[in-house]
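One letter stands for each residue in the lines below.
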Amino acid sequence: MLCALSLALLSLVPLPQEEIVLVNGKVLSVEKVTGETYKEVTFKVKGGSSGRRDADKVRAVNHDLSSPSLDDYVLALEAMDGGKYVDAIQLLNEVLDDSRVIRSKPWVVQHSLNLQIRCMFSLADFEGVAVTVDKLLQKEPNTFFYAPALMAKAEAKALAGDRVGARSVYGQLSSEISAKELPERWAREAELGSLLLDDSVKGSAKMSKLQQLVEKNRNEFPTVASRANVEIGNIMVQNKDYDRAQNFFEDIVKGGQADDMVEAAAYSGLGDVYYQRGLNTEDLNEAKVHFKTAALNHLRVALTYKDQIRLVPRSLFYAAESYHRVGGEEGKFHSRRIAGRLVNAYPRSPWAPRVMEALNLRGG
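These notes cover the structure that comes with them. Owing to the predicted nature of the structure, the values given are computational and were not obtained by experimental measurement.

Focus on the sheet that holds strand 6 (residues 58–62)
Right, so step 1: Taken in spatial order, the three strands make up an open sheet running 2-1-6, and their pairing is antiparallel. Each edge of the sheet is formed by a strand with only one pairing partner; in this case those strands are strand 2 (27–30) and strand 6. Strand-to-strand, the axes of this sheet are offset by a mean angle of 20 degrees, without reference to chain direction.
Right, so step 2: Judged from the four bridges that link them, strand 1 (residues 18–22) and strand 6 form a sheet pairing that is antiparallel. Residue pairing across strands places L22 opposite V58, the latter belonging to strand 6.

Have a look at this one:
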């Protein structure tokens, strides 16, 4: 899960003041943010008085970027916005190597490393994610991004196939909840992540445990409950209960309590439902309709939820594969175009060679 890695990019327009964006959507304009830790965000307002907000009440911190010393940082943000993640990483390295910038704006260290983690996810550089998370926690042990960074590391290890390592990171996060007095939300996130990686619990037993997590988190942590619901829907797809899964995913999208990651996962689930229907439909014209609907749902994931790297390369694969199965000139055109985007944007993803093989594009 990638819920920690879905924060909005900092504003590219220089701010006359600095901003603290709260989880309830309220924005606090302050004269200066003086500290950002996993416990609190502190600040000063005009007149010299100070204030604080608990970290779990803060969604993002937007710093004033008008200083010329931050030009490389601003250029990195622009590169990220344009999908040039390698360039962004290099620019952020320039920032991190500039001792003058770090002395005058110490906040830039944790923010730059956090942005590099996001870039590496977008490049499917999962080893780089894990290494950069360790670097962040070593340089800034009290970082505001502490729990999200560990979640990112766990997800990166899972995506790289290191399920044991991922479970270990979730265990580390769980042990830190009380030691560092982290918000309870992260304990619930770690509990869900650990369950999804537990190979000893399968089928109806896993669905039952997921339902328990839904009920446990429904009121206080609805986003965690929504993520557990998505996984229940995925089990329904595995069980070929497509009508029920469709209704389940549609309810999640319409429910209004899902964050971007959950919405993306629900649309991915709808894409899977229609893809499987297409495979299981004998009428060719009806099958083509299912495959087109599958492609559109997966393309929604890829185009609307670009930050959800756990899902985007996979959705590009199934969008290309679905159009490939539609056939004809239309299907061939769209499938090859989408496959090209997957291979060019995510060359390190395991879905890149898979789409080349599925569409018989090797060497072409």
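From this point, the narrative continues.
Observations regarding the pattern of salt bridges
Right, so step 1: Applying the stated criterion across every chain, the model contains 20 salt bridges.
Right, so step 2: In this structure, the salt-bridge partner of D54 is R52, at a minimum N-O distance of 2.6 Å.
Right, so step 3: One network of salt bridges, with partners in common, ties together R185, E189, R227 and D259.

Quick word on empty space enclosed by the protein
Right, so step 1: According to the stated counting rule, one finds two cavities of 30 Å³ or more in the structure shown.
Right, so step 2: Space inside the second largest cavity adds up to approximately 40 Å³.
Right, so step 3: Considering the residues around the second largest cavity, the lining is formed by ten residues, among which R227, V230, E231, M261 and R310 are closest to the centre.

Overview of the packing of aromatic side chains
Right, so step 1: Per the stated rule, a full pass over the model turns up ten aromatic pairs.
Right, so step 2: Plain terms: the ring middles of F121 and F126 are 6.1 Å apart, the flat faces sit at 65 degrees to each other, and that makes the pair edge-to-face. The same class applies to F121 as to F126, namely buried.
Right, so step 3: Arranged with centres 5.7 Å apart and planes meeting at 65 degrees, the rings of Y275 and F291 form a pair that is edge-to-face. Separated by 16 residues along the polypeptide, Y275 in helix 12 (residues 260–279) and F291 in helix 13 (residues 284–304) bring together distant segments of the chain. Neither residue differs from the other here; Y275 and F291 are each classed as buried.
Right, so step 4: The aromatic ring of Y274 is capped on one face by R277, whose charged end is 5.1 Å from the ring centroid.
Right, so step 5: For R354, the ring lying beneath its charged end belongs to F317, and the centroid distance is 5.0 Å.

Describing unusual backbone geometry
Right, so step 1: In this structure, A124 is a non-glycine residue whose phi angle is positive, near 60 degrees.
Right, so step 2: Mapped onto the fold, A124 is located in the loop between helix 4 (107–122) and helix 5 (126–139).
Right, so step 3: Not every positive phi belongs to a glycine, and E181 is a case in point at roughly 55 degrees.
Right, so step 4: By the secondary structure assignment, E181 is in the loop between helix 7 (163–179) and helix 8 (184–196).
Right, so step 5: By relative accessible area, E181 is classed as exposed at 60%.

Reading the values: rules and limits
- Residues numbered from 1 in each chain as written.
- Predicted model: local features only at pLDDT ≥ 70, side-chain atom pairs only at ≥ 80, totals over all residues.
- Heavy atoms only, no water.
- Pairing = 2+ DSSP bridges.
- Helix = DSSP H or I, 4+ residues; strand = E, 2+ residues; numbered from the N terminus.
- Axes fitted to C-alpha atoms, helices over the stretch in contact; angles between N-to-C directions.
- Salt bridge = Lys/Arg side-chain N within 4 Å of Asp/Glu carboxyl O.
- 1 Å grid on protein atoms, 1.4 Å probe; cavity = no way out; pocket = protein on both sides within 12 Å on 5 of 7 lines; lining within 4 Å.
- Points joined across faces, edges and corners; volume = space filled by probe spheres on them.
- Phe/Tyr/Trp six-rings, centres within 6.5 Å; stacked < 30°, edge-to-face > 60°.
- Buried < 20%, exposed > 50% of the residue type's maximum accessible area, 1.4 Å probe, protein only.
- Lys NZ or Arg CZ within 6 Å of the ring centre and 35° of its normal.

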